[in-house]
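# Overview (structure and organization)
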Amino acid sequence: MTYDLVIRGGTIHDGGGGEPFVGDVAVRADAIAEVGRVTERGAAEIDATGLAVAPGFINMLSHANGALMVDGRSQSDIRQGVTLEVFGEGWLMGPLNDAMRRDALEQQVDIRYDITWSTLAGQLAEMVRRGISTNVASFVSATNVRINVVGHADRPPSSDELERMRALVREAMTQGALGLATALIYAPATYADTSELVEMSRAVAEFGGMYISHMRSEGSRLLEAIDELVTIARAAAVPAEIYHLKQSGPANWPKIGDAIARVDAARESGLRITADMYTYAASSTGLDSVIPAWAHEGGHRELVARLQEPATRARIRGEISAVASGRWDAVRPVSFREPRLRPLIGRTISEIAAERGRDPAETVMDLLAEDASRITSVFFSMSEDNVRREVALPWMSFGSDGASLAPEGDFLRSSIHPRAYGNFARLLARYVRDEAVVALPEAIRRLTSLPASNLRLDRRGRLVRGHFADVVVFDPRTIQDHASFEDPHRYASGVAHVVVNGTPVLRDGEHTGALPGRALAPVAGA
């Protein structure tokens with residue numbers, strides 16, 4: 001019997017959350033052949049003495065679908081042990097119609113590539129064709145489905161339109177989608193009411209899929225938003241997950257106890273409710289998220305046109321709300337399309353407004369009109385104590401809510417949130433090793449088998465015989481994130497080896513250039 005790879009002498013965390021043990025992991029082709037004591041030599045060997053050996057980590061909310069089209073190495077995540085990128089939340093690369101394809105091409109900023117597909121499965125297949133180091137999987141976005149049928153209008157779908165939307169969801173599910181994703185603070189997704197989301201989720205339930213949501217509010221109406229998610233899960237008979245659970249703005253920080261209690265109560269009633277998070281007290285989204293939803297109707301071009309019309313602009317100004325109200329010093333743009341605006345990257349809205357001699361709200365509208373893009377920004381609006389409390393929750397998994405990048409080429413044209421380079425290493429360094437908020441075996445469970453089970457993935461998330469060989473070998477004593485808000489394009493350290501589908505993609509801390517990633521689909525009806 002010959003093994004292709006043997007990882008020897010490591011401290012094995014099998015992903016189940018139990019006590020680790022010292023042993024070997026043998027790989028044949030793309031699967032784990034043995035776990036324990038392996039006497040036979042492998043064609044290749046890795047000495048893992050003194051290191052942790054775990055299943056590859058799952059990034060529950062990745063926006064790497066664009067970056068992987070131009071650089072399939074997935075460097076910033078691979079170097080943290082991530083072996084699966086899960087796409088979801090807002091606008092995705094399918095289903096697309098011709099108008100959506102044109103809009104997508106127009107909105108590309110630093111990362112540019114042709115769009116030759118119309119379905120979600122089409123982009124995943126194109127990624128694999130080009131070559132990727134990580135596995136990929138995706139939800140179908142309710143935003144895409146709504147734009148396909150209703151466009152950017154602020155109105156409910158007719159009964160015929162709703163059935164067409166459900167048909168698009170069913171089509172995506174037959175092509176391997178994990179379930180339905182929503183991003184309900186962004187237009188046009190925010191125009192959907194609860195009953196529409198229930199009907200869409202019922203289409204997902206036919207295939208055993210789940211509902212996952214950037215909820216309608218993470219601030220003043222956080223608790224009501226959780227209630228809506230629970231209502232959808234119960235009415236549609238689907239599992240549900242909260243994207244990046246947080247409490248935005250100091251006035252909402254005390255709501256964390258009630259938020260957790262609502263999830264716990266739903267779980268105790270028999271619903272499968274979970275959540276994911278990133279390990280930072282700052283969020284990142286488009287600066288246009290502070291613009292009221294009605295002003296987005298018709299799409300981004302219509303928003304820019306409204307910002308140029310004096311009476312409408314005055315109304316928008318009156319309704320603008322920062323995530324941390326009145327604290328424009330806590331909002332930093334990190335990406336612009338226009339080269340002349342790029343010197344403003346990393347500066348606060350307060351600083352930009354003072355330099356221009358303008359009111360901050362006026363400055364925001366000016367920038368959105370001048371750049372004609374969403375202007376990705378960082379918002380410092382969360383509580384570190386709340387982050388720490390959420391890390392400890394047993395039903396919490398982790399997602400970067402960012403891309404997977406490399407500190408080179410076009411990726412350096414913009415600043416970013418450091419979570420793209422540090423989210424998973426930060427969990428293991430700060431909250432596991434340094435602060436002991438959660439024990440290492442439990443943290444690994446919630447990086448691996450918990451999300452794999454929630455997503456109904458076939459033989460992923462555990463180091464057991466017969467499972468696919470997605471493996472990370474790292475040093476718990478030295479693993480560390482290095483990216484900061486001031487200097488975000490910095491790799492994490494401490495991950496020595498990463499194996500994807502039996503192929504080493506990171507060896508001794510350096511990328512091998514291998515691109516063995518696959519598009520994954522859930523187990524049908526599981």
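Summarised in this report is the structure supplied together with it. (Residues numbered from 1 in each chain as written. Predicted model: local features only at pLDDT ≥ 70, side-chain atom pairs only at ≥ 80, totals over all residues. Heavy atoms only, no water.)

## A few points about the environment of Ser76
The test is simple: Counting from the N terminus, the helices are the DSSP runs of H or I reaching at least four residues and the strands are the DSSP runs of E reaching at least two. We call a residue buried when its accessible area falls under 20% of the maximum for its residue type, exposed when it is over 50%, and partly exposed in between, using a 1.4 Å probe and counting protein chains only. Between two residues, a contact is recorded if the distance between any of their heavy atoms is within 4.5 Å. N or O atoms closer than or at 3.5 Å make up a polar contact, with two conditions inside protein: a donor-capable atom paired with an acceptor-capable one, and, for residues adjacent in sequence, both atoms drawn from side chains.
Looking at where Ser76 falls in the secondary structure, it is placed in helix H2 (residues 75–78). Of the residues examined, Ser76 reaches a relative accessible area of 1% and is grouped as buried. For the pair formed by Ser76 and Ala403, sequence separation is 327 residues and the distance between their alpha carbons is 8.4 Å. When sequence neighbours within four positions are dropped, the list of residues in contact with Ser76 reads Ala403, Ser404, Leu405, Ala420, Tyr421 and Tyr491. A polar contact of 2.9 Å, which involves the side chain of Ser76, links it to the backbone oxygen of Ala420.

## Digging into the sheet that holds strand S16 (residues 376–379)
Test applied: A pair of strands counts as paired when DSSP detects no fewer than two bridges linking them. Axis definition: a line fit to C-alpha positions, over the contact stretch in the case of helices; interaxial angles, taken between N-to-C directions, run 0 to 180 degrees.
The strand order S14-S16-S15 describes an open sheet built from three strands, whose pairing is antiparallel. Taken across any chain shown, the strands that pair with only one partner, and hence form the sheet edges, are strand S14 (283–286) and strand S15 (331–333). In this sheet, neighbouring strand axes are inclined to one another by 30 degrees on average, regardless of whether the strands run parallel or antiparallel. Sheet topology places S15 next to S16; three bridges connect them, and they run antiparallel. Its bridge partner being in S16, Arg332 is matched across the sheet by Val378.

## Details of the environment of Asn501
Summarising the element assignment, Asn501 is placed in the loop between strand S19 (495–500) and strand S20 (503–507). For the pair Asn501 and Val304, spaced 197 residues apart in the sequence, the C-alpha separation amounts to 46 Å. When neighbours within four sequence positions are excluded, Asn501 is seen to be in contact with Ala29, Asp30, Asn135, Arg460, Phe468, Ala469, Asp470, Pro516, Gly517 and Arg518. Here Arg460 takes part through its side chain, which lies 2.8 Å from a polar atom of the side chain of Asn501.

## Quick look at the nonpolar core
Going by this rule: Buried residues of nine kinds, namely Ala, Val, Leu, Ile, Met, Phe, Trp, Tyr and Cys, make up a nonpolar core once their side-chain atoms join them within 4.5 Å.
Residues Val169, Tyr211, Leu428 and Phe474 are the most contacted members of the largest nonpolar core, which totals 97 residues. Broken down by element, the residue count for this core peaks at nine residues, all from helix H8 (residues 222–236).

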